[in-house]
Amino acid sequence: MLVSIYRYNPQTDDKPVMRDIEVEIPGGKDLMILDVLELAKRKDSSIAYRRSCREGVCGSDGMNMNGRNGLACITPLSDTVKPGQKLVLRPLPGLPVIRDLVVDMSIFYKQYEKVKPYLINDEPPPTIERLQSPEDRAQLDGLYECILCACCSTNCPSFWWNPDKFIGPAGLLQAYRFLADSRDTATAERLAGLNDPFSVFRCRGVMSCAAVCPKGLNPTRAIGHIRAMLIRQGT
Amino acid sequence: MVSRVTNLGRSGLFHWLVQRFSAVILGAYMLCILGSTLLSPEMDYAHWQAVFDSNLMRVFSLITLLALCAHAWIGMWTVSTDYLTDLQLGTRATFIRLLFQAGCALLIAVYMLWGIQILWSI
Ligand code: SF4
Ligand code: SF4
Ligand code: FES
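Computed from a predicted structure; not experimentally measured.

Cut-offs applied
Residues numbered from 1 in each chain as written. Chains lettered and ligands numbered in written order. Predicted model: local features only at pLDDT ≥ 70, side-chain atom pairs only at ≥ 80, totals over all residues. Heavy atoms only, no water. Near = heavy atom within 4 Å. Helix = DSSP H or I, 4+ residues; strand = E, 2+ residues; numbered from the N terminus. Nonpolar A, V, L, I, M, F, W, Y, C, P; charged D, E, K, R; others polar. Expected span 1.5 Å × (residues − 1). Buried < 20%, exposed > 50% of the residue type's maximum accessible area, 1.4 Å probe, protein only. Contact = heavy atoms within 4.5 Å. Buried area = accessible area lost by both parts, 1.4 Å probe. Salt bridge = Lys/Arg side-chain N within 4 Å of Asp/Glu carboxyl O. Polar contact = N/O pair within 3.5 Å; in protein donor to acceptor, adjacent residues only side chain to side chain.

Trainee: Any chance you could explain the site of ligand 2 here in plain terms?
Mentor: Residue and element names in this part refer to chain A. Near ligand 2 you find Cys156, Phe166, Pro169, Cys203, Arg204, Gly205, Val206, Met207, Ser208, Cys209, Thr220 and Ile223, and these make up its full shell. Elements represented by at least two residues in the shell around ligand 2 include exactly α8 (208-212) and α9 (219-234). Grouping the amino acids of the shell around ligand 2 by side-chain chemistry returns eight nonpolar, three polar and one charged.

Trainee: Please clarify how the site of ligand 1 should be interpreted in this entry.
Mentor: Around ligand 1, the neighbouring residues are Cys146(A), Ile147(A), Leu148(A), Cys149(A), Ala150(A), Cys151(A), Cys152(A), Ala170(A), Leu173(A), Cys213(A), Pro214(A) and Lys215(A). Counted by class, the shell around ligand 1 contains 11 nonpolar, no polar and one charged residues.

Trainee: In this structure, what is going on with helix α5 (residues 93-120) of chain B? I would like to understand it.
Mentor: For an α-helix, 3.6 residues make a turn, and residues three or four places apart therefore share a direction. Residues and elements named next belong to chain B. The first and last C-alpha atoms of α5 sit 40 Å apart over 28 residues, in line with the 40 Å expected at 1.5 Å per residue. Those residues of α5 not exposed but buried are Ala93, Arg97, Gln101, Cys104, Ile108, Gly115 and Leu119. Buried residues in α5 make contact with α3 (55-83) and α4 (86-89).

Trainee: Explanation requested: the interface of chain B and chain A in the structure shown.
Mentor: Accessible area lost on assembly of the parts is the figure often given for the size of an interface. With 19 residues of chain B in contact, the opposing surface of chain A contributes 20 residues. Both sides together, the interface formed by chain B and chain A hides about 1700 Å², and carbon and sulfur atoms give 64% of it. Taken together, the links from chain B to chain A amount to one salt bridge. The residue Arg202(A) makes a salt bridge to Asp82(B) at a minimum N-O spacing of 3.0 Å. The tally of links from chain B across to chain A stands at seven residue pairs in polar contact (both at pLDDT 80 or more). Here the side of chain B that touches chain A is built from residues that sort into eight nonpolar, eight polar and three charged.

Okay, structure coming up:
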């Protein structure tokens, strides 16, 4: 099978190119895209990409496969290409490329940092732990599972235009994760930090983020909840 | 927190609410005009003038005009801060963006004053 891979080494290349490589796909089973990449790397060891857990847990192999963002390790080849088609692999769109499929995620992490992704509670800590009712705990479902793979934010047009000002779907999902936490006492400060025209309100509700999240999460819904909290607090 | 002078010192929530409210006003006005046109098949100049002569219609028209101007300003400001950025245009971006925003503001102001003058001359 022909695999077309985005190749770019800033130290030696003027500009990126798509380079084809022929990979023999063993019959009898469906491979994941990451397996195909490993086979390609056996032929050309200079191909650079990130991966670690190979089971959709670490979030390091987010990339664009035939136009769709996802984790290469849990994306089946059969879902990505029709027989006879080329497999086209590109880095996550919108972020600076370090080399080939490896992108610089600094700005993504900076936006994550902005939402203070940790529990803030100024009450004196109890002797053992802060308890939560099962109902309160259930509020965090669909939020805490995020693995920060950046598939969503790099699929979001608003994040492409303003990656330095719009927090983006991944960061906002985590912002809501702590707004929704019954143990967190910084709700008002958190909301005050989000109420400018960029951080939250650049979301246009297109749902490109939810369409690609490999963990099946829905940042658009979380953003809607944040907006509703801002309206309740601000009107 | 990201703030800018040209967002008129307001919050994103304020922008968002103005965009939604003004859209509702614009929609209602359009339905109103469409209705009054359809309900009177013998529409002529005298009739048209009579519609706009009532104070209620005048106030409604004025509110709609203001809603349109606010809607247009927030919309154009958003467009300019999405596409006319350092990322797209490099170091000239601020100058180009300000020029564009000034042009929009001037156009919208002229439009508003002119609209008020038209409304009060009927
Ligand atoms: S929300 Fe989904 S796509 Fe976005 S970073 Fe988290 S796991 Fe990845
Ligand atoms: S719904 Fe909002 S956050 Fe998600 S892709 Fe669209 S603009 Fe981005
Ligand atoms: S290698 Fe860890 S998520 Fe794919």
